[in-house]
Amino acid sequence: MNGTVLLVLRKDSPLEIAAATVAGLEERGLIVHRVLLGAPGQGGPIRFLHALVGEGEQDRLRAALDEHKPDVAVAFDQASAAALVEERDRRLADGGSPMLETATPVVAVVTDLLP
C-alpha cells in the first residue's frame, strides 16, 4: 500500500500512542511525515487557525501540508485536529490548493476525550 500520512504532534502529545500509530502505518507501507506544533496544553475549541496554533505554527502546518501533500492527516489533540480541518476547509473554499484535489481526511486520536 502506498500513501502519505502527515502526523501533527504537540510537545505534550501522547508519545507512546503516536509511536504505535507510526509503527502501524509504516508497517502497512505508508510514508509518515511529522510536524510539531504549539506548546503543551495550548489550544482548545477556538474558531480561527492562528488562535489555535499561533502564526508561526500556522505557517509550519501550511508548509508541511504543501510539501508532503498527505493522503490523510492525523492529530493527537483537539487543537491540532481543529487546525487541520480549518486549513483544509480554507483551502477548499479558496478553490483548491497544491495540498489536495479533494478534501484530505483528518483523523483525530484524542485520548483526553476517553471516559
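Going by the structure above, here's the rest.
From a predicted model like this one, the values you see are computed outputs, not experimental measurements.

Parameters and conventions
- Numbering of residues starts from 1 in every chain and runs along the sequence as written.
- Predicted model: local features are reported for residues with pLDDT of at least 70 only, side-chain atom pairs are reported and counted for 80 or more only, and whole-chain, interface and lining totals are derived from all residues.
- Side-chain metrics in this entry use all non-hydrogen atoms of the structure; hydrogen atoms and water are not considered.
- At least two DSSP bridges between two strands are required for those strands to pair.
- Helix numbering and strand numbering both begin at the N terminus, where a helix is a DSSP run of H or I of at least 4 residues and a strand a DSSP run of E of at least 2.
- Working convention: axes come from line fits to C-alpha atoms, limited for helices to the stretch in contact. Angles between N-to-C directions cover 0 to 180 degrees.
- We call a set of buried residues a nonpolar core when its members are Ala, Val, Leu, Ile, Met, Phe, Trp, Tyr or Cys and they connect through side-chain atoms within 4.5 Å of each other.
- Between buried and exposed lies partly exposed: a residue is buried under 20% and exposed over 50% of the maximum accessible area for its type, with that area taken using a 1.4 Å probe on protein chains only.
- Between two residues, a contact is recorded if the distance between any of their heavy atoms is within 4.5 Å.
- Each helix should span, by expectation, one fewer than its residue count multiplied by 1.5 Å.
- Arc definition: it is the arc formed by the directions from the helix axis to the C-beta atoms.

A. Representation of the sheet that holds strand 3 (residues 72–75) within the structure. The strand order across the open sheet formed by four strands is 2-1-3-4, and the pairing between neighbours is parallel. Edge positions in the sheet fall to strand 2 (31–36) and strand 4 (106–108), since each of these pairs with one other strand and no more. Adjacent strand axes in the sheet meet at a mean angle of 25°, parallel and antiparallel pairs treated alike. Examined bridge by bridge, strand 1 (residues 4–9) and strand 3 share four bridges and lie parallel to one another. Among the inter-strand pairings, Val8 is bridged to a residue of strand 3, identified as Ala75.

B. Looking closely at the pairing of strand 3. Two strands pair when backbone bridges link them, and strand 3 and strand 4 are joined in this way by three bridges, in the parallel orientation. By the bridge assignment for strand 4, Ala73 is matched with Val106.

C. Geometry of the nonpolar core. With 12 residues, the main nonpolar core is built from Leu6, Val8, Val35, Leu37, Leu61, Ala64, Leu65, Ala73, Ala75, Ala81, Ala83 and Leu84. Of all the elements in the fold, those that place two or more residues in this core are strand 1, helix 3 (55–68), strand 3 and helix 4 (78–93). Not counting the four nearest positions on each side in its chain, Leu6 is found in contact with His33, Arg34, Val35, Ala64, Leu65, His68, Pro70, Val72, Ala73 and Val74. In terms of nonpolar packing, the next biggest core, distinct from the first, is built from 10 residues, Leu7, Val22, Leu30 and Val32 among them.

D. View of helix 1 (residues 15–27). Helix length check: helix 1, at 13 residues, gives a terminal C-alpha distance of 18 Å against a target of 18 Å (1.5 Å per residue), a fit within 8%. Taken residue by residue, helix 1 has Ala18, Val22 and Leu25 as its buried positions. The buried side chains of helix 1 occupy one side of the element, clustering within an arc of 70° when seen end-on. For helix 1, the exposed residues set more than 90 degrees away from the buried face come down to Glu16, Ala20 and Glu27. Summarising the contacts, the buried residues of helix 1 are in contact with strand 1 and strand 2. The first or second residue beyond helix 1 is Gly29, which carries a positive phi of 90°.

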